[in-house]
Amino acid sequence: MELEGIDHVAMSVRDMERSAQWYIDVLGFERRFSEMWDGIPVFIGKGTTSIALFPAQSNTTSKSERAGVRMLHLAFRANHKNFLAAQKELKQRGIRFEFQDHEISHSIYFSDPDGHKLEITTYDLP
């Protein structure tokens, strides 16, 4: 088997339109497949990466085998110039982030409106 990479990540969100607009405004994503599936999920993407936004389920007391399973974080890659630009953009928008030096890469971590942890990383170190 030979995979090309990540096609999309599916995430549940409280407000699909609010979340889609956040990814479009903040990270420069675009809507994809808007004519499909009666709007569920809402697909947004950038380059070869997409996110499928589904409505959050209201039954949070379920004891299913998936209880406690969650996405830890979603990482996007950028070159050094765009890594610095991302930090500036987040600061201008008042979005707090944490910088981490991973020795082989530098990353910033922040959250979307639903608390999903996002990462922007660069391997282009100065």
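Residues numbered from 1 in each chain as written. Predicted model: local features only at pLDDT ≥ 70, side-chain atom pairs only at ≥ 80, totals over all residues. Heavy atoms only, no water.

## Here we look at helix α2 (residues 80–92)
So, point 1. The end-to-end C-alpha separation of α2 is 19 Å, in line with the 18 Å expected for 13 residues at 1.5 Å each.
So, point 2. Inspection of α2 places Phe83, Ala86, Gln87 and Leu90 among the buried residues, and these make up the whole buried set. Down the axis of α2, the buried set is contained in an arc of 95°. They therefore lie on one face. In α2, those exposed residues whose orientation departs by more than 90 degrees from the buried face are Lys81, Lys88 and Gln92. (Helix = DSSP H or I, 4+ residues; strand = E, 2+ residues; numbered from the N terminus. Expected span 1.5 Å × (residues − 1). Buried < 20%, exposed > 50% of the residue type's maximum accessible area, 1.4 Å probe, protein only. Arc of directions from axis to C-beta.)

## Comments concerning a nonpolar patch on the surface
So, point 1. Where nonpolar side chains cluster on the molecular surface, the patch consists of Phe33, Met36 and Trp37 and spans about 310 Å² of accessible area.
So, point 2. Structurally, Trp37 is set in the loop between β2 (30–32) and β3 (42–46). (Patch = residues over 30% accessible without salt bridge, like charges linked within 9 Å, V, L, I, M, F, W, Y side chains within 5 Å. Areas by Shrake-Rupley, 256 points an atom, 1.4 Å probe, with all protein chains shown as cover. Salt bridge = Lys/Arg side-chain N within 4 Å of Asp/Glu carboxyl O.)

## Regarding the sheet that holds β2
So, point 1. Read from one edge of the open sheet, 4 strands run β1-β4-β3-β2, paired in mixed fashion. Strands at the two margins of the open sheet, each flanked by one partner only, are β1 (8–13) and β2. Each neighbouring strand pair of the sheet contributes to a mean axis angle of 35°, computed without reference to strand direction.
So, point 2. In this sheet, strand β4 (residues 49–55) lies alongside β3 in antiparallel orientation, the contact comprising 5 bridges. By the bridge assignment for β4, Ile44 is matched with Ile51.
So, point 3. Packing of helix α1 (residues 16–27) onto the sheet brings it into contact with β1, β2, β3 and β4, and relative to β3 it is tilted by some 10°. (Pairing = 2+ DSSP bridges. Axes fitted to C-alpha atoms, helices over the stretch in contact; angles between N-to-C directions. Contact = heavy atoms within 4.5 Å.)

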